Amino acid sequence: MRRVEITALLSPKIKLALKALLDLDSETIDSAWRACRERERGYFVHRLKQAPTGKVREIHTPQPAVYQVQQKILKRVLYSLPVSRAAFGGVPKRSHLDAARVHLQQAGEILQTDVVNAFAETSYARISKCLRKQIKPMLWAFSLNREERKVVVGWLTHLMVINPERGRFPRLPLGTPTSLAVFNIVWTDLDSDILHLCHKLSPDSPVRYTRYVDDLSFSHDQQIHEELLPRLTRALTDYGYELNTSKTRRAPRDEAIIHGLCWNDGQLDLPDASILHLAQRAHRLRALLFGAPTTREWSEAAQLLRELDYLTHEVYGGGLIPNGLMIPDELRALIKSHQHRPARWADELWG
C-alpha cells in the first residue's frame, strides 16, 4: 500500500478526527506536522560515542510541539493497544526486574540473545501496517472511509519516525516517548510466534520467554532444546530482523546475569561489580555534597538517590541492603531539599 506523503495537506475532516483522537488543538497539530517536513523531522539529534567500542549512537530528542503530540499518541493510542505478555520494556507496571525474576527464580538453563539494529530495522511501512490493523476499530467512531483512515495512520506514523542518516526509508528513533511502545506493538505477532515455538519444542514444560526491548531471554527447568536457536533465527528473518549471534550466551541459573541482576541466596540480587560501582558513586557524591556542589552535582545526587531507592526497594524489599548502598537520613534530606525537576528515566531513552 502506498505511503502517505509527508507533504500532504490535512483535510478539515482528518484534522477534526486527530483533534478528537489526541485531545489536541489545531495549532499544535499544524506545528508538529510542519516540523515533520523539516530535514530532521522536528528532532534535535545527539551523537553519542559508546565506550569501549567507539560506535556512535544517534539519540533523537523531539522538539516541544512534536514531543507534546508524541505524549498524546503514547497515552491515548499506543497504551490502549494490546501487547504481548512477553514484553517488559516500555510497558506500564512491568520492569526489567519482573523479566529477570521470570527466569532467575527457578533453577535451570538460561539462554540470552538480542536483535541487530532492532530500531533501525523497524521501518515506517512496518509501523503503519501494524497500526492500521490495531487502531481500525478506534477510527470507525469518526466515520472515516478507508483512504481517510490510511491518512490518519500515516500522520501518526510520520510523527514517530526519523529519516536515517544512511538509507531510504524512515525508521524508529532512539530517545522519543513513543518508540518503546511502538516497538512492542510491531513485535506483538512475532512475540506470539516465539511463545508458540517455545510451547511446541517443549509442550509438557514450555520454555519461558521474555523480551525487554530487543533483549530476548529464555529459560527452562532442564537444558534448552538445541532447535530453539535455529528456529528463532528463522522466525526473526521472516519478520525482517536478524539475531545477534555474537551476543548469544547460555548459562546455568546460578551463573547467569539478566538485565543486570543475578540470583543469590534464594532472591534477586545485584552482582558484586554493580554493587561496587554504585557504592563508589555514592561515596564520591557524599564527598562532593559536603563541599560546595554545583547544580549539576545536586542533580546527579538526586538521580543516584532515585536509582538506589528503586533498586533497594525492588531487589531487596525489606531485607538486608548491601553495605555502601545506604544513604544516611540527614544526607537524604539534604539532597531532597535541593531536588529539582527529575531527570528523564533511562527507560525513556533506551530500555
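Look up: the structure comes first, before these words.
So, here's what we can say about the structure. (Residues numbered from 1 in each chain as written. Predicted model: local features only at pLDDT ≥ 70, side-chain atom pairs only at ≥ 80, totals over all residues. Heavy atoms only, no water.)

Residue pairs three or four apart in sequence face the same way in an α-helix, which turns once every 3.6 residues. Along its 13 residues, helix 6 (residues 146-158) runs 18 Å from first to last C-alpha, staying within 8% of the 18 Å computed at 1.5 Å per residue. The element helix 6 is largely enclosed, with a buried count of 10 among its 13 residues. E148, R149, K150, V152, V153, G154, W155, L156, T157 and H158 are the residues of helix 6 that are buried. The N-terminus of helix 6 is capped by N145, whose side-chain oxygen sits 3.1 Å from the backbone nitrogen of E147. (Helix = DSSP H or I, 4+ residues; strand = E, 2+ residues; numbered from the N terminus. Expected span 1.5 Å × (residues − 1). Buried < 20%, exposed > 50% of the residue type's maximum accessible area, 1.4 Å probe, protein only. Polar contact = N/O pair within 3.5 Å; in protein donor to acceptor, adjacent residues only side chain to side chain.)

We note that R41 has phi near 60°; this positive angle belongs to a residue other than glycine. Following the sequence through the fold, R41 ends up in the loop between helix 2 (26-36) and strand 1 (43-49). Non-glycine residue S143 carries a positive phi angle of around 55°. Mapped onto the elements, S143 comes out in the loop between helix 5 (124-140) and helix 6.

A separate point is the nonpolar core. Core analysis: the largest hydrophobic core is formed by 70 residues, its most contacted members being W155, W187, F218 and L236. Membership of the second largest hydrophobic core comes to 30 residues, among which are A100, L289, L311 and I335. (Core = buried A, V, L, I, M, F, W, Y, C linked by side-chain atoms within 4.5 Å.)

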